[in-house]
Amino acid sequence: MITTVPRISRRLGRRTAAVGVLAAAALLLASCSGSGTDSASTSTDPAGAAASSTEPATGSTSEPSASDTSGSGSATTGATGGDTSAANGGQGAPSGSFSIGVNSFFLTHLMPGFSDGTNISNALFTPLTRYDAAKGELVDAVAKSIETTDQKNWTIVLNDGWTFHDGEPVTAQSFADSWNASADPKNAMTANSLMNIFAGYTAMNPAKGDKATATTLSGVKVVDEHTLKVTLASPNAFFPSLLASSGMAPIPPSAAKDFAAFDLNPIGNGPFKVAEGGMKAGDTQLVLEAYPGYAGEQKAKVESITVKAYQDTTAVYTDFQAGAIDLALVDGNDLASAKTEFPDQLVDVAYPAVVTLGFPTWDPRFDNPKLRQALSMAVDRQSIVDALLKGNGTAATGLAPESLPGGGLKDCAACTFDVEKAKSLLAEAGGFSGSITLYTYTDPTNQAVTDAIANMWRTNLGIDATTETQEIGQLYKNFSAQSLKGAFVVYAGTNIPHLYGLLNSLFTKGSALNTTGYSNEKLTTLLSDALAASSTEVFNQKVTEASGVAMADMRSVPLYHPTGALLHATKLSGVEPELLGGANLAAISVTG
């Protein structure tokens, strides 16, 4: 008998009876987790896409809703290999070209082990499943079927006809090679933590001071050219959704010769390939070309795309105004200006994300929970949304926005603006001596928000506060090294369209987005229990309880839920967001 599990997408629920998985999709920036439940990838950068999400980058979803669980069958059905012209409406040869502006982070890494969830990596690589944001459902990509009876042991069968950009066939070994490379700590890949869902991960990544006892994942077995047998470290209802991350995409045999070189000039299996000449370290521009041999459902509609990277994202909007780029993801003041200047050239993006105020566990000055509550309640979230975001967002009352299934909870009591209560809590905490530095990454909106919060702390609590911005890559290195002394404001998104995704990313040990170093055994247990739940009701109950634990501890405190838009030239059609916010590049046509 095949076990059913919770799911959130109606269409996915009808089509994935075998596992009834909760729909999800790809990442930011980077990455994710560290224990058996730390597995969701996320996004980290605003302008375009995402690697484990730390910044708006790749997509909005149509809101999925819960459905009943019944039936049996394969995990997903949808795209198939082979001739896909009919699936593409018989589209002709790709034509035209356009340019897109993205945050420089998006071109720092390109291969699955280092880059996950950006719309650039999604254009270059296609994993086993993918999340169709327009339909609000998980569908097969390279996978023909994904089946389980217990959510722990899985059989994956691949479609025929998939090839890499160099003509090499995509096989079961291609996925095993990719996952093993990421799991190997010697490669220092950011997707390493994504692999902790597999049995055998801890043998490759033992506790500090212990020796590794394996060089490959024991839970990943290649049966034949088209079949994988997978054993997870623990039952995981989200597994088919996690496979939609580009960090789980395949790599060809040639990648292992030099991962650093491959990272700059990857050979993928996606709808676009890197143009001849590729990239060199430090380049700020990349040309993508349509791959004519793409076996997926959504082939490229344009001949080429020029990707332009910006260290200073304030220049993205001005370059669009000047006609230097044709497509950009905008928010804050730029979105407010675009609504006036280009009202008919915007596609709304509701990020599955939250901007948080973080208090690191390694800075003992923030150990008192009453101090953290006081600092939170001294912040006027609504004024930030109204004055700084120009209304393009909602003040947070809980971790996830209402648009994200499971979200909309009002369980953050200390998210309420109450100066008198904040002063009282500060007094109960024994006051605060010295100054607080409030960090964020280089971004005009974030800088304005941190400046406003520092001013509120000075005005409402009498605490001296200053602000400092750092390049996003450096900031996350400092988080990892636990070298920052102070609080910080960061963006976090999830590639899993449910509150669970944000909880897993922000509050589980080892997650790249757990920037505070927070860990709570009760929360971890609740998330593990949710994944093993046999009904939607139990799943949602466990996730809600976990959210309550996180909001009571107040380490990553919700500030607001941002909204954005894809701003496009009039010559472009078919512009639509991926899950994390960035444009789905394969869907775009040039009509002008």
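Whatever comes next refers back to the structure up there.
Residue indices follow the written sequence of each chain, beginning from 1 at its first position. pLDDT decides what is reported in this predicted model: residues at 70 or higher carry local features, side-chain atom pairs at 80 or more are listed and counted, and totals for whole chains, interfaces and linings draw on all residues regardless. In computing side-chain values, all of the structure's heavy atoms are included and hydrogens and water are not.

Q: Requested: an account of the overall build of the protein, with residues and values cited.
A: Scanning the protein from terminus to terminus reveals 16 helices and 22 strands. The buried label goes to any residue with under 20% of its type's maximum accessible area, the exposed label to any with over 50%, and the partly exposed label to all in between, with areas taken from a 1.4 Å probe on protein chains only. By the burial criterion, 59% of the 592 residues in the protein qualify as buried. Whether two residues are in contact is decided by their heavy atoms: any pair within 4.5 Å suffices. The contacts in the protein between residues at least 6 apart in sequence include a share of 72% that link residues at least 24 apart. Helix and strand definitions follow DSSP, with helices as H or I runs of at least four residues and strands as E runs of at least two, each counted in order from the N terminus.

Q: Pulling in residues and values, what's your account of the nonpolar core?
A: Put simply, a nonpolar core is a bunch of buried Ala, Val, Leu, Ile, Met, Phe, Trp, Tyr and Cys residues held in one set by side-chain atoms that sit within 4.5 Å of each other. Counting 153 residues, the largest nonpolar core has Ile156, Trp179, Phe198, Trp457 and Leu585 as its most contacted members. Ranked by residues supplied to this core, first place goes to helix α12 (residues 444–461) with seven residues. Contacts of Trp457, omitting those with residues within four sequence positions, involve Leu357, Phe359, Leu375, Ala378, Val379, Ile436, Leu438, Gly462, Ile463, Ala465 and Ala487.

Q: Go over helix α9 (residues 369–377), please, and point to the residues and values.
A: All of the buried residues along α9 are Leu371, Arg372, Ala374, Leu375, Ser376 and Met377. Contact partners of the buried residues in α9: α10 (381–388), α11 (419–428), β16 (435–441), α12, α16 (536–553) and β19 (556–568). Among the residues of α9, the N-terminal cap falls to Asn368, whose side-chain oxygen and the backbone nitrogen of Lys370 are separated by 2.9 Å. Distance and chemistry together define a polar contact, namely a pair of N or O atoms within 3.5 Å, with one atom able to donate a hydrogen and the other to accept it when in protein, and with adjacent residues in sequence counting only for side-chain atoms on both sides.

Q: Quick one: what's the story with helix α15 (residues 521–531), residue by residue and with numbers?
A: Looking only at α15, the buried set comprises Leu523, Leu526, Leu527, Ala530 and Leu531. For α15, the angular spread of buried residues about the axis comes to 140°, placing them on one side. Turned more than 90 degrees away from the buried face of α15, the exposed residues are Glu521 and Lys522. As for α15, its buried residues are in contact with α14 (499–507) and α16. For α15, the side-chain oxygen to backbone nitrogen distance between the N-cap and Lys522 is 2.9 Å, and the N-cap itself is Asn520. This arc is built from the directions going out from the helix axis to the C-beta atoms.

Q: Describe the sheet that holds strand β8 (residues 227–231), and please don't skip the residues or the numbers.
A: Pairing within the open sheet is antiparallel, and its four strands lie in the order β5-β6-β8-β7. Bordering the open sheet on either side are β5 (143–148) and β7 (220–224), each of which pairs with just one other strand. Taken over all neighbouring pairs, the strand axes of this sheet differ in orientation by 20° on average, direction set aside. For two strands to be treated as a pair, DSSP must find no fewer than two bridges joining them. Axis lines are fitted to C-alpha atoms, over the contacting stretch for helices. Their N-to-C directions set the angle, which ranges from 0 to 180 degrees.

Q: Explain empty space enclosed by the protein residue by residue, including any values.
A: Buriedness for pockets is judged along seven lines, at least five of which must meet protein on both sides within 12 Å for an open set on the 1 Å grid over protein atoms alone, while cavities are sets there where a 1.4 Å probe fits but cannot get out, and lining residues have an atom within 4 Å of a point. Grid points are joined across faces, edges and corners, and a volume is the space filled by probe spheres set on the points. Under the counting rule described, the total for this entry stands at three cavities of 30 Å³ or more. Estimates place the volume of the largest cavity at around 50 Å³. Every residue along the wall of the largest cavity is listed here: Asn103, Ser104, Gln311, Tyr441, Thr442, Glu471 and Ile472. Residues of the lining of the largest cavity, tallied by class, amount to two nonpolar, four polar and one charged. By the convention adopted, Pro, Cys, Tyr, Trp, Phe, Met, Ile, Leu, Val and Ala count as nonpolar, Lys, Arg, Asp and Glu as charged, and the other residues, Gly among them, as polar.

Q: If you had to explain the environment of Ile463 to someone new, which residues and values would you point to?
A: Relative to the helices and strands, Ile463 is located in the loop between α12 and β17 (464–470). The exposure class of Ile463 is buried, given its relative accessible area of 4%. In this structure the C-alpha to C-alpha distance between Ile463 and Ile436, which are 27 residues apart in sequence, comes to 7.7 Å. Not counting residues within four places of it along the chain, the set of residues in contact with Ile463 comprises Leu375, Leu426, Phe432, Ile436, Trp457 and Arg458.

Q: Which residues make up the pattern of salt bridges, and what values go with them?
A: What makes a salt bridge here is a side-chain nitrogen of Lys or Arg within 4 Å of a carboxyl oxygen of Asp or Glu, nothing more. Enumeration over the complete set of coordinates arrives at five salt bridges. In this structure, the salt-bridge partner of Asp367 is Arg555, at a minimum N-O distance of 3.6 Å. Of the two residues, Asp367 is situated in the loop between β14 (353–358) and α9 and Arg555 in the loop between α16 and β19; the sequence distance between them amounts to 188 residues.

Q: Tell me about the pairing of β17, and please be specific about residues and values.
A: Strand direction decides the pairing type here: β16 and β17, joined by seven bridges, are parallel. From the neighbouring strand, Ser435 faces β17, where its bridge partner is Asp464.

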